[in-house]
Amino acid sequence: MADDEIEFLAVPGGLVILRDSRRDRVREVRLQPFRMARTPVSVRQFASSASKETVDASLAADLPQSPVTWHDAVLWCNRRSAAEGLRPAYRVSEGWVHWDTTSDGLRLPTEAEWEHACRAGTDEPTYGELSEIAWTSLDELEGPQPVALKRPNAFGLHDMIGNVWEWCWDLADPARYGAYRSLRGGGWADPVWSCRASVRRGSAPDAVIEDVGLRPVRGAVGDGSPQAQGWSDATDRERADLRGPIPFGWTPLRDFPAPEPRPGSCRTDG
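Here's what I pulled together on the structure shown here. All figures in this text were calculated on a predicted structure; none of them were measured in a lab.

Procedures and definitions
Residues numbered from 1 in each chain as written. Predicted model: local features only at pLDDT ≥ 70, side-chain atom pairs only at ≥ 80, totals over all residues. Heavy atoms only, no water. Pairing = 2+ DSSP bridges. Helix = DSSP H or I, 4+ residues; strand = E, 2+ residues; numbered from the N terminus. Salt bridge = Lys/Arg side-chain N within 4 Å of Asp/Glu carboxyl O. Contact = heavy atoms within 4.5 Å. Axes fitted to C-alpha atoms, helices over the stretch in contact; angles between N-to-C directions. Phe/Tyr/Trp six-rings, centres within 6.5 Å; stacked < 30°, edge-to-face > 60°. Buried < 20%, exposed > 50% of the residue type's maximum accessible area, 1.4 Å probe, protein only. Core = buried A, V, L, I, M, F, W, Y, C linked by side-chain atoms within 4.5 Å.

Side note on the pairing of strand 2 (residues 14-20)
1) Next: Here strand 2 runs beside strand 3 (residues 25-31); their pairing, made up of seven bridges, is antiparallel. Across the sheet, valine 16 pairs through a bridge with valine 29, a residue of strand 3.

Written out as structure tokens, the structure is:
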């Protein structure tokens, strides 16, 4: 395997239960199989698709790439897909990103995919003792550590918890936080309570945060309509549609673009 090659492991389909603590809701998501990168994207892997600069073949090259903004993660996925002869999963139009669910190119996981992959068949907060599987505040670190040094989960995935947070595709809470996107997994400085399979966090898609990286997935999982693997454009719009007075500090996402027509269909305006 080349130094900058990304190893994708098979993640079987299955049922995952997601909880929304703010809205006090629980939902079940039935997932199709997909493939996920064995580790977060490393400095070496990111650079090979981000630029033509040579990465020094040192220990630093095996660190998870961070910080990475959500927008940069999306663009990197498209560049890497093109470099590998795959159809890019994303189209950027007027500042909005559209996901082609029929594409086999690299993309960010949905939250349902991420949590299912992290749990790897377990129903505990973590898939093992944190000291064995994750870099967290317990290790008293000053930065990220090289990938794949701690024990993987049952699917063979390393660093799903700890080391760096990982961007997901989903909007975090479009009623409260607008265009913020979801983050999962916890980072090297996070306390134990923050390093669990179900913990979610959100941030602006252009935010530069030192302990945030990415882990791509692959796999066509839809028919081109704007919904797949627990995510739905229609549900996002419903989540953002607040009625009545808006709580102080909330910034509902109002400027959703029109949904993309699925491949083979046409859309008429007017």
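Comments concerning the pattern of salt bridges
1) Next: Under the criterion given, the structure shown has 17 salt bridges.
2) Next: Arginine 87 serves as the salt-bridge partner of aspartate 100, at 2.3 Å between the closest nitrogen and oxygen. Here aspartate 100, found in the loop between strand 6 (96-99) and helix 3 (111-119), pairs with arginine 87, found in the loop between helix 2 (70-83) and strand 5 (90-93); they are 13 residues apart in sequence, far enough to count as distant.
3) Next: Linked through salt bridges whose partners overlap, the residues forming this network are Glu111, Glu115, Arg119, Arg184 and Arg200.

A word on the sheet that holds strand 7 (residues 165-171)
1) Next: The four strands are arranged 9-8-7-10 in an open sheet whose pairing can be described as mixed. Since the sheet does not close on itself, it has two edges, and those belong to strand 9 (200-203) and strand 10 (212-213), each with one partner.
2) Next: Each of strand 7, strand 8 (181-184) and strand 9 touches helix 3; the most contacted strand, strand 7, lies at about 140 degrees to it.

Concerning the packing of aromatic side chains
1) Next: Overall, the coordinates contain eight aromatic pairs when judged by the stated rule.
2) Next: With 5.8 Å between their ring centres and 65 degrees between their planes, tryptophan 99 and tryptophan 169 make a pair best called edge-to-face. Of this pair, tryptophan 99 sits in strand 6 while tryptophan 169 sits in strand 7; the two residues are 70 residues apart in sequence, bridging distant segments of the chain. Each of the two residues, tryptophan 99 as well as tryptophan 169, counts as buried.

Quick word on the sheet that holds strand 11 (residues 217-218)
1) Next: What the three strands build is an open sheet, ordered 1-4-11; its pairing is antiparallel. The sheet is open, and its two edges are formed by strand 1 (8-11) and strand 11, each paired on a single side.
2) Next: Lying over the sheet, helix 3 contacts strand 1, strand 4 (34-37) and strand 11, oriented at roughly 70 degrees with respect to strand 4.

Structural notes on the nonpolar core
1) Next: In terms of nonpolar packing, the biggest core is built from 30 residues, with Trp76, Tyr90, Trp99, Leu108 and Leu214 touching the most fellow members.
2) Next: Going through the elements one at a time, helix 2, strand 6 and strand 7 are the ones with two or more residues in this core.
3) Next: The element that contributes the greatest number of residues to this core is helix 2, accounting for five residues.
4) Next: In this structure tryptophan 99 touches Ala89, Tyr90, Arg107, Thr110, Trp169, Val221, Ala228 and Trp231, once residues within four positions along its chain are discounted.
5) Next: Residues Leu9, Phe155, Met160 and Ile161 belong to the second largest nonpolar core, which totals 20 residues.

A word on the side chain of asparagine 163
1) Next: Considering the arrangement of structural elements, one finds asparagine 163 in the loop between helix 4 (130-133) and strand 7.
2) Next: Setting aside anything within four residues of it in sequence, one finds asparagine 163 in contact with Pro64, Trp135, Pro144, Gln145, Pro146, Gly186, Gly187 and Trp188.

Quick notes on unusual backbone geometry
1) Next: Geometrically, the link from serine 66 to proline 67 is a cis peptide bond, its omega value of -5 degrees lying close to zero.
2) Next: Tracing the backbone through its elements, the reader meets proline 67 in the loop between helix 1 (43-50) and helix 2.
3) Next: Although it is not a glycine, asparagine 163 sits at a positive phi angle of roughly 75 degrees.
4) Next: Its relative accessible area of 0% is what places asparagine 163 among the buried residues.
5) Next: For glutamine 229, which is not a glycine, the phi torsion comes out positive at approximately 50 degrees.

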